[in-house]
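An overview of the molecular structure
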Amino acid sequence: MLKTWLLSIVYATLDHIPPFVWDVLHVITDIILFWTYKLINYVRPHSRVVYYEAIKELDHCETYDMWCNTASMVDEITGANLWRRNFFSRRYDFNSVLEQYSTLQKALDSGDLEAIKEKFSTTGACMLRNFAGIVDKKLFTKSLLGTKLLIEQFLDKTIEGLDILDSAMVPTAFFQRCKLSLGTTALILQGGSLFGLFHLGVIKGLLSQDLIPNIISGSSMGACIASIYGCMSNEELTELLTGDNILNVIKDDFQLLKSCGYGNLEQHLNLGTLIQNLIHHGYSQDVYLFCQFVLKYIVKEITFEEAYQMTGKVFNIVIHPTDKSCPNLLNYVTTPNILISSAINCSLGSGVISEDTKLLCKNLNNEVELYLSEDKNLRNSFLTPENAIIPDETESPYTRLTELFNVNNFIVSLARPYLAPLVVNDLKHEIKTSKYYYYKHYPETDNGINLPELGIPQLNFTEMEPLAFKFKYHLERKLKNIATMEFHHRMQVLDNLGLLSSWVKRLIIDEKTPRSAIEIAIVPKIKSLSVTRIIEGQLDNIPYWIQCGEQSTWPVLSLIKTRCTVEFKLDEIIRIRRNK
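Described below are features of the structure shown in this document. For clarity, every value in this text was computed on a predicted model and none was experimentally measured. Every chain begins its residue count from 1, and numbering advances along the sequence as written. The predicted nature of this model means local features are confined to residues of pLDDT at least 70 and side-chain atom pairs, given and counted, to a pLDDT of 80 or more, with totals for whole chains, interfaces and linings taken over all residues. Side-chain measures were taken over the full set of non-hydrogen atoms in the model, leaving aside hydrogen atoms and water.

1. Remarks on the overall build of the protein chain
The helix count covers DSSP runs of H or I at least four residues long, the strand count covers runs of E at least two residues long, and both are numbered beginning at the N terminus. For the protein chain, the helix and strand inventory stands at 26 helices and 8 strands. Exposure classes here rest on a 1.4 Å probe applied to the protein chains alone. A residue is buried below 20% of its type maximum, exposed above 50%, and partly exposed in between. Among the 580 residues that make up the protein chain, the fraction classed as buried is 50%. The contacts of the protein chain with a sequence gap of at least 6 include a subset with a gap of at least 24, amounting to 79%. Within the structure as shown, the protein chain displays about 28,700 Å² of accessible surface, and the carbon and sulfur contribution to it stands at 55%. Note on contacts: a residue pair qualifies if any of its non-hydrogen atoms lie within 4.5 Å across the two residues. In these tables, accessible area is a Shrake-Rupley quantity obtained with a 1.4 Å probe, and a residue counts as shielded only by the protein chains included in the view.

This is how it looks when you write it as structure tokens:
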């Protein structure tokens, strides 16, 4: 009672603060940040200042081509462009890659189909996603544009080999065996609530580069975003995410705007009321509006089976029921007749969007009815992801996903910017000072392979000005990593003991993919967020978050391409042959 009374006083106080006070605080914050930045630049070395100015320009790039041009400038400043051309690294077995590259090149030149097919056997080098350690994340943290050019050239030759086998009319069963051996990639959209619209940008970024998997799974707000991908073709989705198309559809529907609290497009609720809504319901006004848009215009009364028949995409929704007899992974295999709209409401949690949260399905007469019996519905409720407890990894919905669709590679869109420093699997670019990075020495190779003959040039390197003192930089980085891992471990222990509140879990704990699989995490940048924008739930948040998600995807595209390019090429060959 006391807690509720105190909260009501805080909300009422915030509601009665004049708007000009917030404007003054905003100006004061801008002044402090400006002079802090000036002071930092004054004490930094000149080369470091040039580097940070170039990095700052990356945040203002509106297209992927602009980002690549700016990233190439950053790589030139840091010397990472030379690092890419130097194939030596202790992070992967470059001798094995060189050997396989040379053998495959000779087989392609001679047109020896049997030798090429051998490379794509179940034990061949081309069918190992992490052959010789080429997808080690440390190989993708030096250069913004990608990894070693040797690795990229090896993958290009692999794709060329698949094209030759395809044109030689090798049986489709051969490519299917290759695909089964290599495994499958799934895109996971985890939660989000306030930041859930970030997933839209991730989908757009992957879709524009043809790097989006055919399998997608979502929970909470991620389930709402995933349903758009699962119910629309790639062409329709691309058109929807272009420009302000989503916003234009919403603005034309005055009834939808009014039902979501946007009676006037310029009208916003008081700050106290908005914060109260965020704390007690977990979503902002714009997120609620987008959910209603998806339910009304996209999913309607479509079932999982109907969505699969329309698009051919494997679309999954994760729910957390209290009744263990109810499945926690919904798709066209496990629950084909369940309505996607009811699955989204259940994934968000009981009482979050709708007070009456029940799973609905279509019977043989195409009539909508309850999926569970009336008795089970009375006892069952659906938990939000942060309140769900999965006692065993074998019961995890993501483990079930690996069993059903042979998934061994995950691309995880984690729409929680505050988790970015705690995500161990996140791809963080770094400035490293070492003799190999700045090329003060160039090691000799003794494997007898003629590099210019393979299209790999010999280079003459010159000494470059270091961007940071080696000891100081490494000490800071090591201490930061130790503190991050320690904090993350303590939070996991408290969570396992049941001592962590739901509010803290919502901020700290993320859902885990199976240990047997590898994953790539994509998280939004904290510095690109605006607290005022999030709390007010402005209508233009939708294109804003699409842009934010797309920009966060660009730095990891090279890693995704390295891990998935062979798999997607096999999918393309099999799909084209089936259509014929």
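This is not the end of the story, as more comes after the structure.
2. Structural notes on empty space enclosed by the protein
Using a 1 Å grid laid over the protein atoms alone, points where a 1.4 Å probe fits but cannot get out form a cavity; open sets with protein on both sides within 12 Å along at least 5 of 7 lines form a pocket; any residue with an atom within 4 Å of a point counts as lining. Grid points are joined across faces, edges and corners, and a volume is the space filled by probe spheres set on the points. Tallied over the entire structure, the rule returns 2 cavities of 30 Å³ or more. Taken as a whole, the largest cavity encloses approximately 90 Å³ of empty space. What lines the largest cavity is a set of 14 residues, and nearest its centre among them are Leu128, Arg129, Leu155, Thr562 and Val566. Listing elements by their share of the lining of the largest cavity, those giving two or more residues are helix H8 (149–167) and helix H26 (557–579). Looking at the lining of the largest cavity, its residues break down into 9 nonpolar, 3 polar and 2 charged. Considered as a void within the structure, the second largest cavity measures approximately 30 Å³ in volume. Considering the residues around the second largest cavity, the lining is formed by Leu240, Gly243, Asp244, Asn245, Ile246, Leu247, Ile542, Pro543 and Ile546. Gly falls in the polar group here, along with every residue not listed as nonpolar (Ala, Val, Leu, Ile, Met, Phe, Trp, Tyr, Cys, Pro) or charged (Asp, Glu, Lys, Arg).

3. Some details on the side chain of Lys179
Summarising the element assignment, Lys179 is placed in helix H9 (residues 172–182). Residue class for Lys179 comes out buried when judged on its relative accessible area of 11%. At 3.0 Å, the side chain of Lys179 forms a polar contact with the side chain of Thr184. Here Lys179 is in contact with Thr184, Asn406, Glu567, Leu570, Asp571 and Ile574, once residues within four sequence places are set aside. Pairs of N or O atoms within 3.5 Å make up the polar contacts considered here, provided that, within protein, one atom can donate a hydrogen while the other can accept it, and that residues adjacent in sequence are counted only when both atoms are side-chain atoms.

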